[in-house]
Amino acid sequence: MSTNITWHEGAVSKEERQTLLSQKGFTIWFTGLSASGKSTLATALEQTLLHSGISAYRLDGDNVRFGLNKNLGFGPEDRTENIRRISEVAKLFSDAAVIAITSFISPYRQDRDSARELHEKAGIPFVEVYADAPLEVVEQRDPKGLYKKAKAGEIKEFTGISAPYEAPENADVHVKTHEVSVEQGVQQVIDYLISKGLVQADKLIKKDA
Ligand SMILES: Nc1ncnc2c1ncn2[C@@H]1O[C@H](COP(=O)(O)OP(=O)(O)OP(=O)(O)O)[C@@H](O)[C@H]1O
Ligand SMILES: [Mg+2]
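Here's what I pulled together on the structure shown here. Quantities reported herein were computed from a predicted structural model and do not represent experimental measurements. (Residues numbered from 1 in each chain as written. Chains lettered and ligands numbered in written order. Predicted model: local features only at pLDDT ≥ 70, side-chain atom pairs only at ≥ 80, totals over all residues. Heavy atoms only, no water.)

Turning to the packing of helix α2 (residues 38-51) against helix α8 (residues 182-195), a few remarks are in order. Running from N to C, α2 and α8 point in directions that differ by 65 degrees, and their axes come no closer than 9 Å. Both α2 and α8 take part in a crossing whose hand is right-handed. From α2, T40, L41, A44, L45 and T48 reach across to α8, where they touch V182, G185, V186, V189 and I190. The residue makeup of the contact of α2 with α8, split by class, is 7 nonpolar, 3 polar and no charged. (Axes fitted to C-alpha atoms, helices over the stretch in contact; angles between N-to-C directions. Helix = DSSP H or I, 4+ residues; strand = E, 2+ residues; numbered from the N terminus. Left-handed = near helix turned anticlockwise from the far one by under 90°. Contact = heavy atoms within 4.5 Å. Nonpolar A, V, L, I, M, F, W, Y, C, P; charged D, E, K, R; others polar.)

Structure representation (structure tokens):
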């Protein structure tokens, strides 16, 4: 625990920053099984937002484990710490008036709820997106060959095989990636953001324009 620390307020308030930059920051949190499509959707969404002149930045599960979280494993405690750190980093990005897009399996409901609470306490919107596809489908996709390895016992504590996944009960957006295309999935998220006034419809480029 850190002691003897005092919060130092900036000279620019959150509202003033948003006005100066003409942008609101918030976090879009993707959750779902491995190969459910979190990174695929997050990448396409980030591209659409950036091409529309809206600042967005992806925090991706594997990428973050190359650096910031390279000292964490996949046991329950490390998974919780992984998500705690990412929640804090996403909050920093969104506080900086950027749209933070996270793509982590984030299998525990409690951890996702903590991430939401952290944001909401700071007055920052938090959008949970469930990238959902049945286990049979993701096992079939297996783009990284991880399910094959997990089933052969070569990877321990693999979500969906030997570790739990607690599906969201009330995700803000539920994308069934085995039923819709990547473009349709991204559009579902964008429609939600527009409906909540988080992005302006007239700012967004049409994908095929
Ligand atoms: N509608 C869809 N939406 C997203 N991905 C899809 C869809 N249909 C097929 N796919 C395929 O499913 C795979 C999803 O892989 P992706 O790496 O995005 O998963 P992930 O959820 O990020 O997994 P991990 O947790 O291992 O990082 C890709 O090969 C993608 O092309
Ligand atoms: Mg991924």
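Next comes the rest of the account.
The next subject is unusual backbone geometry. Positive phi is not limited to glycine here, since A97 has a value of about 70 degrees. Mapped onto the fold, A97 is located in the loop between α4 (76-95) and β3 (99-103).

Attention now moves to the side chain of S52. Checked against the element boundaries, S52 lands in the loop between α2 and β2 (56-60). Within the structure, S52 has its side chain in polar contact with the backbone oxygen of T48 (distance 2.7 Å). One polar contact links the side chain of S52 to the main-chain amide nitrogen of I205, over a distance of 3.0 Å. Aside from chain neighbours lying at most four places away, what touches S52 is K203, L204 and I205. (Polar contact = N/O pair within 3.5 Å; in protein donor to acceptor, adjacent residues only side chain to side chain.)

Another point: the pairing of strand β4 (residues 126-132). The buried count for β4 comes to 7 of 7 residues, which makes it a mostly enclosed element. The alternating pattern of β4 places F126, E128, Y130 and D132 and V127, V129 and A131 on opposite faces, both of which are buried. Pairing of strand β1 (residues 26-31) with β4, which is carried by 5 bridges, proceeds in the parallel orientation. Residue T27 lies in a different strand from β4, and its bridge partner there is F126. Both β4 and strand β5 (residues 173-176) contribute to a ladder of 4 bridges, which runs parallel. Each bridged residue has a counterpart across the sheet, and for D132 the counterpart in β5 is K176. (Buried < 20%, exposed > 50% of the residue type's maximum accessible area, 1.4 Å probe, protein only. Pairing = 2+ DSSP bridges.)

Looking at ligand 1, there are 16 residues lining it, with S34, K38, T40, K144 and V180 nearest. Contacts to ligand 1 include A35, whose backbone N or O atom sits 2.8 Å from an oxygen atom. The separation between an oxygen atom of ligand 1 and a polar side-chain atom of T40 is 2.4 Å. Relative to its free-state accessible area of 650 Å², ligand 1 is covered by the protein chains to the extent of 77%. The element that contributes the greatest number of residues to the shell around ligand 1 is α2, accounting for 3 residues. Residues belonging to the shell around ligand 1 are distributed by class as follows: 6 nonpolar, 7 polar and 3 charged. (Near = heavy atom within 4 Å. Areas by Shrake-Rupley, 256 points an atom, 1.4 Å probe, with all protein chains shown as cover.)

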